Amino acid sequence: MNIDDLHATAIRILAPGKGILAADESTGTIQKRFEKIGVANTEQNRRDYRELLFRTEAAMRSHIGGVILYDETLRQQAKDGTPLVKLIEAAGSVPGIKVDGGAKPLAGAPNETITEGLDGLRERFVEYRQLGARFAKWRGVYQIGHGGPGPGRPSHGALHANAHALARYAALAQENDIVPIVEPELLMDGNHGIEAAAGVTEWILNEVFRELYYAGVRLEGMILKPNMVVSGLQCAKQNSVEEVARRTLAVLKRCVPAAVPGIAFLSGGQSDVDATAHLSAINSLGASPWTLSFSYGRALQSAPQAAWAGKADNVAKAQASFAHRALMNGLAAVGKWTPALERQGGH
Ligand code: 5MM
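Keep in mind the model is a prediction, meaning the values are calculated, not measured. (Residues numbered from 1 in each chain as written. Predicted model: local features only at pLDDT ≥ 70, side-chain atom pairs only at ≥ 80, totals over all residues. Heavy atoms only, no water.)

**With respect to the layout of surface pockets**
As a volume, the largest pocket reaches approximately 820 Å³. T29, R33, K98, K137 and R139 are, among the 34 residues lining the largest pocket, the residues nearest its centre. When residues of the lining of the largest pocket are assigned to their parent elements, the largest contribution, four residues, is made by helix α2 (residues 27-37). Looking at the lining of the largest pocket, its residues break down into nine nonpolar, 10 polar and 15 charged. Put simply, the second largest pocket is a space of about 210 Å³. Lining the second largest pocket are N45, D48, E51, L52, R55, K79, W308, G310, K311, A312, V315 and Q319. Going through the elements one at a time, α3 (43-54) and α13 (315-332) are the ones with two or more residues in the lining of the second largest pocket. (1 Å grid on protein atoms, 1.4 Å probe; cavity = no way out; pocket = protein on both sides within 12 Å on 5 of 7 lines; lining within 4 Å. Points joined across faces, edges and corners; volume = space filled by probe spheres on them. Helix = DSSP H or I, 4+ residues; strand = E, 2+ residues; numbered from the N terminus. Nonpolar A, V, L, I, M, F, W, Y, C, P; charged D, E, K, R; others polar.)

See below:
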């Protein structure tokens, strides 16, 4: 492991005004996205859609420091035969790979999940590096709620099991000179308030960093991808942008060591503009030890997907829409987004 290279890659991905495009939807997840826009989930459509994104020069060169890919995409070629990985590299961005095998039911913990995929991961990392991946992602999923009889969610067992898996994955990634993105996601589903979201996020992050320590993970060579602290989607009380920013930063300051170079938030089902406004507000709160940026899937892609709708004639419109969201989030990553700038995009 070369920790200086890992650190340099992490810094490069989250250079000022840049964040990550999470384009790593598995085939089942992209199916749901395509259903919404009436597009058949074929390999060619998945390729055409992602090629459209990676060829959006205005977004990629200035605001997308890294792209998380699904296994299929890492091996795919553009229409003209150029590997999609090469398109990403040519735009000055870093290709990454989602390596987890998804969240599966956790035995002994009703309604909770454990993310699988550790078996054979060392060998997969060797191949992924040869294919061009320089960073990776693994997502652990947590939910607040009471799933019937028994203890509430998250249980300590599930919390610990997912933190342990995240740490084992991160150690294997670094062993293979790949920067691990460590993604513990507290889902927004539920009617919990912001107080509960803050408490559970703090609990999760403490457990994750303890496991990272025991696994020997070098914090200087990783990126954290957490949820923001927001109340549940079904909660009657939704908080102001400033409150979300203040609570999110407070929890991170309690739990995330300063040695971590960067934090890239997931959007988690927030509206496009909420995800941008929250990030900008967080960055407006003053100096913090880490770069605070984005690693958005839906909040970067919903608008271009709707604009594209699977039609070649709409590619330019979809690219303009992606460029706008990338620019807005790039500004938010340095605390310079405003609603007025948002409106100027006109998409
Ligand atoms: C893009 O979606 C990612 C992959 O999801 P599946 O493995 O379930 O297909 C997902 O992990 C994503 O990277 C993060 O959740 C962040 O995406 P959002 O949309 O929450 O910003």
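Further notes follow.
**Some points on the packing of α3 against helix α12 (residues 298-308)**
If you want to describe how two helices pack, look at the angle between their axes and the distance between the axes. For the pair α3 and α12, the least separation of the axes is 12 Å and the interaxial angle reads 120°. One element, α3, and the other, α12, form an angle in the oblique class. With respect to the hand of their crossing, α3 and α12 are arranged in right-handed fashion. Contacts between α3 and α12 involve N45, D48, Y49, L52 and L53 from the former and Q301, Q305 and W308 from the latter. Tallied by class, residues from the contact of α3 with α12 come to four nonpolar, three polar and one charged. (Axes fitted to C-alpha atoms, helices over the stretch in contact; angles between N-to-C directions. Parallel < 35°, antiparallel > 145°, perpendicular 65-115°, else oblique. Left-handed = near helix turned anticlockwise from the far one by under 90°. Contact = heavy atoms within 4.5 Å.)

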